Structures are given as C-alpha cells and as structure tokens.
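# Inside the fold
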Amino acid sequence: MKIHEYQAKAILGRHGVAVPRGEVAFSASEAGDVARRLGGVVVVKAQIHAGGRGKGGGVKLARTPAEAETIAAQMLGMTLVTHQTGPAGRMVTRVLVEEGLQMARELYLGLVIDRAAGKPVMMASAAGGMDIEEVAASTPERIVRAAIEPGVGLVPFQARQLGFAIGLDGPRVPAFGGIASALYDAFMASDATLIEINPLVVTSGGALLALDAKISLDDNALYRHPDARELRDAGEEDPLEIEASKFSLNYIHLDGNIGCMVNGAGLAMATMDIIKLAGGQPANFLDVGGGANAEQIRNAFRILMSDEKVKAVLINIFGGILRCDVLASGVVAAVRELGLASPVVIRMEGTNVEEGKRILRESGMPLTTADTMDEAAAAAVRLAGA
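In short, a report on the structure. (Residues numbered from 1 in each chain as written. Predicted model: local features only at pLDDT ≥ 70, side-chain atom pairs only at ≥ 80, totals over all residues. Heavy atoms only, no water.)

### So, the overall build of the protein
A tally of helices and strands in the protein yields 12 helices and 18 strands. The C-alpha extent of the protein, read off along each of the three principal axes, is 80 × 50 × 40 Å. Considering only intrachain contacts with a sequence separation of at least 6, the fraction spanning at least 24 residues in the protein is 69%. If the 37 positive side-chain charges of the protein are averaged to one point and the 45 negative ones to another, these points end up 2 Å apart. (Helix = DSSP H or I, 4+ residues; strand = E, 2+ residues; numbered from the N terminus. Contact = heavy atoms within 4.5 Å. Lys, Arg positive; Asp, Glu negative; His and termini not counted. Charge placed at Lys NZ, Arg CZ, Asp CG, Glu CD.)

Have a look at this one:
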C-alpha cells in the first residue's frame, strides 16, 4: 500500500527523522493559511502516488501566502502527468505546503527488502534528486549498499560507512547515522516494503533533513496496524484493483487485452508468460486463490469483463482445493448473469476435471475449451485478434 508524502513524513518524524515544517491542504484557502503560519518562502507540492512531480509541474516555490494560494488553486483538480503515472496522469486532490530551505547538497537514502538475500538493504548515494532512476540505470556504482541482518539491525559502523561513501564528513556523519538508524526503526515498526528519502538534503546551515519521502507498506501486515488503513487513498488506486480487494482476489491491472483468471500465483505468472510467448499481452494478474468458491469466481469474472481493454479471457485452473466442477459452475453462473462481452477460453486440469468439462459442454454457451496451456494461450491470442 502506497501512501502520500506528507503521511510518510509523519511516520518518519515520529521515529526521529528530521523533516521540514509543513501541513497538508485540501483547498487553496487552506494552503494560504498554512503559508501564513509558516511565514516566509514556502514550497507547494502536489500529493500523488508517483515520482517526478517536479518535472511535471507539481512542485512550485511561493514567496508569499497569496502566491501559495494561487499555486494551490492551479494544482488542485489538475491532472498531473509524470514518467511514473503514464499518459493518463493522476488528479491532484491535496497539496503539501512546506517551509522553503536553502540547500547545499542533495543526497539519496533508501531501504528496501532484498528478496534474493532475504534481508533489508540500505542504499545511499551522493547523487540524490529527481534523476536517481537514471543514476541507477547508467552509473549504478554511485549507489552504495549495506545489507542488514534482521536479527541484529543496522549496526552503527554500517551507517558510518554509508555516510563516508557519499562524501559526508565531520559532524554530518553522526547526524547521517542517526537518520539511517531512525529510518530502519521506521521501516521495521511500520512493516514497510520500501522507504525512500530523495532528496535527503544538507541545508546551508549544515543540517540534514528529509526533503521528500516515499513509503510503501506491506498489505499483508495491515492487520497489525489498524491505524495505517486510514492512510489509504482509494482515489490513487486502480478502481478494478479496489473492487477485487473487496472479494479477497489478488488482482493487478496491466496494459494488455487478454484477461487472465488463474488459481495460484505461480500458475498465474506462468499463464502470463505463455500468453506473451503466443504473441499476446495479458490484461491483468488475477489469482482467485486455491480455495475460491463460486461467488468469488463470479466476481472475478465480472471484474475481468468490466475492463474495456479485454478482448478475450483465458481461465487456467488446476483443480485442487478449488475443484474443476466448482470453477465450471461459477463460470456458467457468471456468464448467465453478466453475458459474454468477450470470448472465453477455459483450460482445466485436476480434481473433477471431467465433471467440470461436462458442465461447460452442457451449458450450451459458446465457451472455448483447451487441454494444454499452449493450446489455451494460442486460442486466447487468436480470439483477441492479437
């Protein structure tokens, strides 16, 4: 679950990371009021779940409260397009108004799970700022890393090594160590999967502050953090993904035109791969789970059919806990209720597969069946006109 910058900074602030003074505003007048309370020069920052806001016109300097109000009025309601939003962009519904700072340097500090190593990895770079992605792609040696043993935590010498590696010296190295330690504390306490401070700035006075912040929380750990659920901004999420979450369906919206319904994450990945090998493009990742019932199948089918980009649907089920006859009954019921806006290809194998095929065959519906994944993928691609 992604959260907004101002929410991420609130979490970091509670753990001892220094952040600029600022407040969120949902209207232009609120933005002006915040600017008056802060006094002096402020920065108005559009709040969306995407990076590159500065390049897209979503971060602007205001020298007076009146100017902050004018800028906020222009931002609120606008569709902000960045390299991370895609051409559709995201609508701005809130802005963060922060005190302006004189910056001497921009650094990068982040923490992510290295799934191959099974450890958190802290990353730092002297090349902080808006183009950190380009740094990672073209000069990865400029990003230094420290793997953290989960049972030990961040060791002080690791933080010092990172600080020296990105060119800090004198009193700023201990200050950096304090921020790095606080970042790790926030990461573990909030069950985050990613925390980034970009940039971590050195002000003209020598202080270190998190000028920007990004946090992604582990959805599977939200039961331990009931307050974190309030941080969710459904307006920033795909409507189909929100709808799928209501029925405990693991759904991720993609850009292709072949809808996929599969039980099991591994089989879902293999299904998307074989669609690509057949020359098609998957429209989604959809794992209904091993124990799905007919009602979940119906809702999954409805969600697939509601995607206007879907030109064909491939249902690939290995019957185990989810028996093939249950799947077939759920699909038939869904088609009867919702109609058949796109061709449907079904490949089943496993428990009660013959009974499942009989249900499909006797339904009288124009459903295409296949015995192998290769045949199913080829049929779906052909029917989608890919």
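### Notes on helix 6 (residues 172–189)
Taking 1.5 Å as the rise per residue, helix 6 with 18 residues should run 26 Å; its terminal C-alpha atoms sit 25 Å apart, in good agreement. Of the residues making up helix 6, those classed as buried are V173, F176, G177, I179, A180, A182, L183, Y184, A186 and F187. Once helix 6 ends, the next one or two residues include D191, with phi positive near 55°. (Expected span 1.5 Å × (residues − 1). Buried < 20%, exposed > 50% of the residue type's maximum accessible area, 1.4 Å probe, protein only.)

### Quick look at the environment of R382
Among the structural elements, R382 can be located in helix 12 (residues 373–384). For R382, a relative accessible area of 58% corresponds to the exposed category. Between the alpha carbons of R382 and L304 there is a distance of 18 Å; along the sequence they are 78 residues apart.

### Digging into the packing of helix 9 (residues 294–305) against helix 10 (residues 324–338)
Direction vectors running N to C along helix 9 and helix 10 enclose 50°, while the axes themselves pass 8 Å from each other. Classified by the interaxial angle, the pair formed by helix 9 and helix 10 is oblique. Crossing handedness for the pair helix 9 and helix 10: right-handed. Residues A294, I297, R298, F301 and R302 of helix 9 form the contact with helix 10, whose participating residues are V326, L327, G330, V331, A334, V335, E337 and L338. Residue composition of the contact of helix 9 with helix 10, grouped by class: nine nonpolar, one polar and three charged. (Axes fitted to C-alpha atoms, helices over the stretch in contact; angles between N-to-C directions. Parallel < 35°, antiparallel > 145°, perpendicular 65-115°, else oblique. Left-handed = near helix turned anticlockwise from the far one by under 90°. Nonpolar A, V, L, I, M, F, W, Y, C, P; charged D, E, K, R; others polar.)

### Quick look at the side chain of D212
By the element assignment, D212 lies in the loop between strand 11 (208–210) and strand 12 (214–217). On the accessibility criterion, D212 (18% relative accessible area) is buried. Only 3.1 Å separates the side chain of D212 from the side chain of R53, close enough to count as a polar contact. Once you skip the residues sitting within four places of it in the chain, D212 turns out to touch E5, K9, K45, R53, E196, I197, N198 and P199. (Polar contact = N/O pair within 3.5 Å; in protein donor to acceptor, adjacent residues only side chain to side chain.)

### Observations concerning the pairing of strand 10 (residues 192–203)
Taken across its 12 residues, strand 10 has 10 buried, putting it largely inside the fold. Sheet analysis places strand 7 (residues 103–114) next to strand 10, joined by eight bridges and oriented antiparallel. By the bridge assignment, L107 is partnered in strand 10 with L200. Taking the residues between adjacent antiparallel strands as the criterion, strand 10 and strand 11 are bridged by four residues, where G206 takes a positive phi near 95°. (Pairing = 2+ DSSP bridges.)

### Thoughts on the nonpolar core
Ranked by internal contacts, the top residues of the largest apolar core, which has 39 residues, are L12, M122, F176 and I215. Sequence-distant contacts of M122, defined by excluding residues within four places in its chain, comprise L109, G110, L111, V144, R145, A146, I148, L154, L162, A180, L183 and Y184. The next biggest cluster of nonpolar side chains, apart from the first, holds 34 residues, and it includes I297, I317, V331 and M365. (Core = buried A, V, L, I, M, F, W, Y, C linked by side-chain atoms within 4.5 Å.)

### A short note on the sheet that holds strand 2 (residues 42–46)
The strand order 1-6-2-3 describes an open sheet built from four strands, whose pairing is antiparallel. What marks the edges here is a single partner per strand, and that holds for strand 1 (22–25) and strand 3 (59–62). Ignoring strand direction, the axes of neighbouring strands in this sheet form an average angle of 20°. Relative to strand 3, strand 2 runs antiparallel, the two being bridged by four bridges.

### Overview of the pairing of strand 14 (residues 258–262)
Taken residue by residue, a regular strand's side chains alternate between the two faces of the sheet. With five of its five residues buried, strand 14 lies for the most part within the structure. Neither face of strand 14 is open: one carries I258, C260 and V262, the other G259 and M261, and all of them are buried. As judged from the five bridges shared by strand 14 and strand 16 (residues 312–319), these two strands associate in the parallel manner. Among the inter-strand pairings, C260 is bridged to a residue of strand 16, identified as L314.

### A few points about the environment of K309
Inspection of the secondary structure assignment puts K309 in the loop between helix 9 and strand 16. Judged by its relative accessible area of 44%, K309 is partly exposed. Not counting residues within four places of it along the chain, the set of residues in contact with K309 comprises D255, G256 and N257.

### Observations concerning the pattern of salt bridges
Side chains that differ in sign of charge can pair as their charged atoms come close. This structure, assessed with the given rule, holds 19 salt bridges. For R94, the salt bridge identified is with D233, shortest N-O distance 3.3 Å. Of this pair, R94 sits in the loop between strand 5 (90–91) and strand 6 (95–99) while D233 sits in the loop between strand 12 and helix 7 (239–245); the two residues are 139 residues apart in sequence, bridging distant segments of the chain. With a relative accessible area of 12%, R94 lands in the buried category. (Salt bridge = Lys/Arg side-chain N within 4 Å of Asp/Glu carboxyl O.)

### Points about helix 8 (residues 265–277)
For helix 8, with 13 residues, the first-to-last C-alpha span of 18 Å sits near the 18 Å given by 1.5 Å per residue. If you check which residues of helix 8 are buried, you get L267, A268, T271, M272, I274 and I275. When helix 8 is viewed along its axis, its buried side chains cluster within an angular range of 165° and face the same direction. Within helix 8, the exposed residues directed more than 90 degrees away from the buried face are G266 and L277. Looking at the buried side of helix 8, the elements it contacts are strand 14, strand 15 (284–287), strand 16 and helix 12. Immediately beyond the C-terminal end of helix 8, within one or two residues, lies G279, with a positive phi of roughly 100°. (Arc of directions from axis to C-beta.)

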